[in-house]
Amino acid sequence: MTFQKKYIFAAAAILFGALAPFIINPYELSLLGRFLALSILAMGIMLTWGEAGILSLGQGVFFGLGGYALAMHLKLEGLNLANGDMPDFMVWSGVSALPGFWYPFANPYFSLACVVIVPGAFAAAFSWLVFRRRVGGVYFALITQALALAFSTLLISQQAYTGGFNGLTDYSTMFGIDITTEYAARYIYWITFLFVVAVYFFLRWLLASRYGVMLRATRDGENRVRFLGHDPVPYKVVAFGIAGALAGIGGALFTLHAGVVSPALVGVVPSIEMVVWVAVGGRNILWGAIAGTLLVNFAKDQISSAFPSLWLYGLGALFILAVSFLPAGIAGLFRPGSGEERVMRRILSRRKLSTAE
Amino acid sequence: MHESAFLLGQVFNGFSVASLFILAALGLALSFGLMRVINMAHGEMLMLGGYLAYMTLQIVPGPLGILVAMPVAFVGAGIVGGFLEFAVIHRLSARPLDTLLATWGVSLVLQQAARNMFGAIGVEVTAPTWLNHTVSIHSGFLSGLDLPDTRIFILIVAAIVLGLIAALLNKTRLGLYVRAVNQDRPTAAAMGVNARLIDLAVFALGTGVAGLAGVILALLGPVTPTVGQSYIVPAFLVVILGGLGSLVGTTIASLIIGLFTALIEIFVDVSVAQVLLLVFVILFIQIRPQGVITVRTRALEG
């Protein structure tokens, strides 16, 4: 792809994204909005997995934290708390009074701050605890998977406080505005789209900065970074924290689009599915993460409604094929000089193995 | 029920859960020591063992069917595991994280295949009558303690398997090769050890043991397409706690996790126990990031 072509494609994509509500029908718009929300999370995975070499199989946890933080507010909106009102599911579970930790979420600004801060801070703290003892790689992936399992079972079992298996659903207003109308759906879409564009350019800037260079250096030779006198831990923790915050934002926007957040979206299987979006799209290329998310999810939507069992075979095959034969993803095919790139990568990965031994 | 009997019952439960973890994690730990890769489809080897037990009991009913099912499951899961190593894992072993994802794909395919063949609800394997008893203690300070035969059976099987693997690793030539490759692959290869074949053999052995564990799982509950998933995450944690490819480490780590889970469940429910287990693991690696058993090595990157 030549230099100019690249900009024409980018401009066309942004133009289509901005005008989508006028081009496609409301159902397709709702899907596109959801998947764009997911692609914010996917860009976070690209940052940690592709650029920092940290594979997380628990991004669903941070997605869930963001989604639940917003959903808790949406459940409280319109209730008269002073009067002892409670969300419907708590009444059904026989809870006598609203639990204390729910109260602050009645404030929309507190909720919106939590959407970013809670998953971001939790991700940073969690990863710091692991990375500071130089535990990483496969171990980290397995620990994050255990985290996803623990989080989803906890959500399911604490029915009275979290809505259990059904999650939190059935909201109507935010800031006093009805969010269920088609008109509101457009605005939610535009907000999502703005976030996608903003996050894209933020990460582009971040990865081009000195921080990005250090992050890639940490990925390619963590010990060499140490020998040169740098501590790699803060770089990795910041990357994981940003990815957590992005997952939280994606989760909140997804909740707005889908009208539901539930443990089924945050457990082990959905968490690892998130990685495959990035694997298919291209783990080292930012637009690949977005393209992969849209592609895999639209394919899932089409295939799983027609042939439910076929989808799981397809997803399994996608995992195997994408990492075996297309490690740079679809975006890697468009990269200039991708042939040489691939040969270099192969040599490097071989060498890495022999030094590791 | 007597307080001490209840506590001892939980400890016994912990040991029997731990012995399942040992059988499930052994193959993971051994292959991880050799190749630094984790097979995410390992849980499906448990499932495969369970279904093989079910099918064997269809053909060989009667009290001794379960004893026939165990070697069948061992060999069956071993063959599937060997093929998986040859077809997927060996190709990707230079990239451990990608191996993780590819084998997860294999696990999805195997689960769905089981769902299509046997249905999503699961099949029952009835324990033979000689395993239907419960050892009950009626007198003394342990009165009220019940020890189901199946749980005792699990302990015995795990002990035998552990003993056999330890003998294999420490007393045979194959075991010598395995230890050699584990310590220093290039040097072992230079001395004429076929490291490639050792990888394959250990992997097949490990999945075979997982298949065997699947037979035992089938005695405890229905075999479903996702039966392996509930045991595999604790097994991964066992690998993390155990240290690199160490048999002793894996055993100790299994006991720690089994006993921790069983004892904590006295006080909190299962889901909170899971969270506490994770907290425990994270605290543990703050103290011993290399796991319970540290293999002395001069390598910089473990």
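Residues numbered from 1 in each chain as written. Chains lettered and ligands numbered in written order. Predicted model: local features only at pLDDT ≥ 70, side-chain atom pairs only at ≥ 80, totals over all residues. Heavy atoms only, no water.

### A few points about the overall build of chain A
And then number 1: The helix and strand tally for chain A stands at 16 helices and four strands.
And then number 2: Here the C-alpha atoms of chain A give a radius of gyration of 21 Å, agreeing with the 21 Å that 2.2 N^0.38 yields for 357 residues.
And then number 3: If one aligns the C-alpha atoms of chain A with their principal axes, the spans along those axes are about 65 × 50 × 40 Å.
And then number 4: Of all 357 residues assigned to chain A, the portion counted as buried reaches 51%.
And then number 5: Put simply, 79% of the contacts in chain A that link residues at least 6 apart link residues at least 24 apart.
And then number 6: Accessible area for chain A stands at about 16,100 Å²; split by element, carbon and sulfur atoms hold 67% of it.
And then number 7: Each charge class in chain A can be summarised by its mean position, and for the 24 positive and 16 negative side chains these summaries are 16 Å apart. (Helix = DSSP H or I, 4+ residues; strand = E, 2+ residues; numbered from the N terminus. Rg over C-alpha atoms; globule rule 2.2 N^0.38 Å. Buried < 20%, exposed > 50% of the residue type's maximum accessible area, 1.4 Å probe, protein only. Contact = heavy atoms within 4.5 Å. Areas by Shrake-Rupley, 256 points an atom, 1.4 Å probe, with all protein chains shown as cover. Lys, Arg positive; Asp, Glu negative; His and termini not counted. Charge placed at Lys NZ, Arg CZ, Asp CG, Glu CD.)

### Overview of helix α11 (residues 232-258) of chain A
All names here are of chain A.
And then number 1: Relative to the 39 Å expected for 27 residues at 1.5 Å per residue, α11 spans 38 Å between its end C-alpha atoms, a close match to the ideal helical length.
And then number 2: Most of α11 is tucked away, with 23 of its 27 residues classed as buried.
And then number 3: The N-capping residue of α11, defined by a side-chain oxygen 3.1 Å from the backbone nitrogen of Val-233, is Asp-231.
And then number 4: Of the residues one or two after α11, Gly-259 is the one with positive phi, at around 75°. (Expected span 1.5 Å × (residues − 1). Polar contact = N/O pair within 3.5 Å; in protein donor to acceptor, adjacent residues only side chain to side chain.)

### Describing unusual backbone geometry
Among all residues except glycine, the phi angle is most often negative; among peptide bonds, the trans geometry is most common.
And then number 1: A positive phi is found at A:Arg134, a non-glycine position, where the angle reads about 60°.
And then number 2: Mapped onto the fold, A:Arg134 is located in the loop between α5 (108-131) and α6 (137-157).
And then number 3: Although it is not a glycine, B:Arg36 sits at a positive phi angle of roughly 60°.
And then number 4: As for its placement among the helices and strands, B:Arg36 is situated in the loop between α1 (3-35) and α2 (42-59).
And then number 5: Residue B:Arg36 is classed as partly exposed on the basis of its relative accessible area of 28%.

### Some words on the interface of chain A and chain B
And then number 1: Contact with chain A, which involves 47 residues of that partner, is made by 44 residues of chain B.
And then number 2: Of the roughly 4,200 Å² buried between chain A and chain B, counting both surfaces, carbon and sulfur atoms make up 73%.
And then number 3: Together, A:Tyr139, A:Leu142 and A:Tyr313 form the three largest contributors to the area buried by chain A at its contact with chain B, with a combined 16%.
And then number 4: Counting across the chain A and chain B interface gives one salt bridge. (Buried area = accessible area lost by both parts, 1.4 Å probe. Salt bridge = Lys/Arg side-chain N within 4 Å of Asp/Glu carboxyl O.)

### Some thoughts on the pattern of salt bridges
And then number 1: If you walk through the whole model with that rule in mind, you get ten salt bridges over all chains.
And then number 2: Note that A:Arg219 is salt-bridged to A:Asp220, the shortest N-O span being 2.9 Å.
And then number 3: Of the charged contacts in the structure, one is a salt bridge between B:Arg95 and B:Asp98, with a shortest N-O distance of 2.6 Å.
And then number 4: On the basis of relative accessible area, B:Asp98 is assigned to the buried category, the value being 2%.
And then number 5: Three or more residues joined by partner-sharing salt bridges are found here, namely A:Glu222, A:Arg226 and A:Lys236.

### Comments concerning the pairing of strand β2 (residues 145-148) of chain B
Every other side chain in a regular strand lies on the same face of the sheet, so the side chains alternate between the two faces.
All names here are of chain B.
And then number 1: Only one face of β2 is covered, namely the one carrying Leu-145 and Leu-147; the face carrying Asp-146 and Pro-148 has none of its residues buried.
And then number 2: Here strand β1 (residues 134-137) runs beside β2; their pairing, made up of four bridges, is antiparallel. Along β2, the bridge assignment pairs Ser-136 with Asp-146. (Pairing = 2+ DSSP bridges.)

### Here's the deal with the packing of aromatic side chains
And then number 1: Scanning all chains against the criterion turns up 24 aromatic pairs over all chains.
And then number 2: With centroids separated by 5.6 Å and ring planes inclined at 85°, the aromatic side chains of A:Phe62 and A:Phe240 adopt a geometry described as edge-to-face. Pair noted here: A:Phe62 is in helix α3 (residues 59-76) and A:Phe240 is in helix α11, with a separation of 178 residues, a long-range link. Of the two residues, A:Phe62 and A:Phe240, neither departs from the other in class, the shared state being buried.
And then number 3: Seen in terms of ring centroids, B:Phe280 and B:Phe284 are 6.1 Å apart; in terms of plane orientation they differ by 50°. Their pairing is tilted. Placement of the pair is B:Phe280 and B:Phe284 together in helix α11 (residues 270-287), with a separation of four residues, close to one helical turn.
And then number 4: Aromatic ring contacts, followed pair by pair, group A:Phe62, A:Phe122, A:Phe126, A:Phe131, A:Phe140 and A:Phe240 into a single cluster.
And then number 5: Between A:Arg132 and the ring centre of A:Trp128, over which it is positioned, the NZ or CZ distance is 5.0 Å. (Phe/Tyr/Trp six-rings, centres within 6.5 Å; stacked < 30°, edge-to-face > 60°. Lys NZ or Arg CZ within 6 Å of the ring centre and 35° of its normal.)

### Description of the confidence of the model for chain A
And then number 1: Confidence along chain A averages 86 in pLDDT terms, with 93% of residues attaining 70 or more.
And then number 2: Predicted confidence is poor over residues 351-357 of chain A, with pLDDT under 50, and the contacts of this stretch with residues over four places away or in other chains come to eight contacts. (pLDDT = per-residue confidence, 0-100.)

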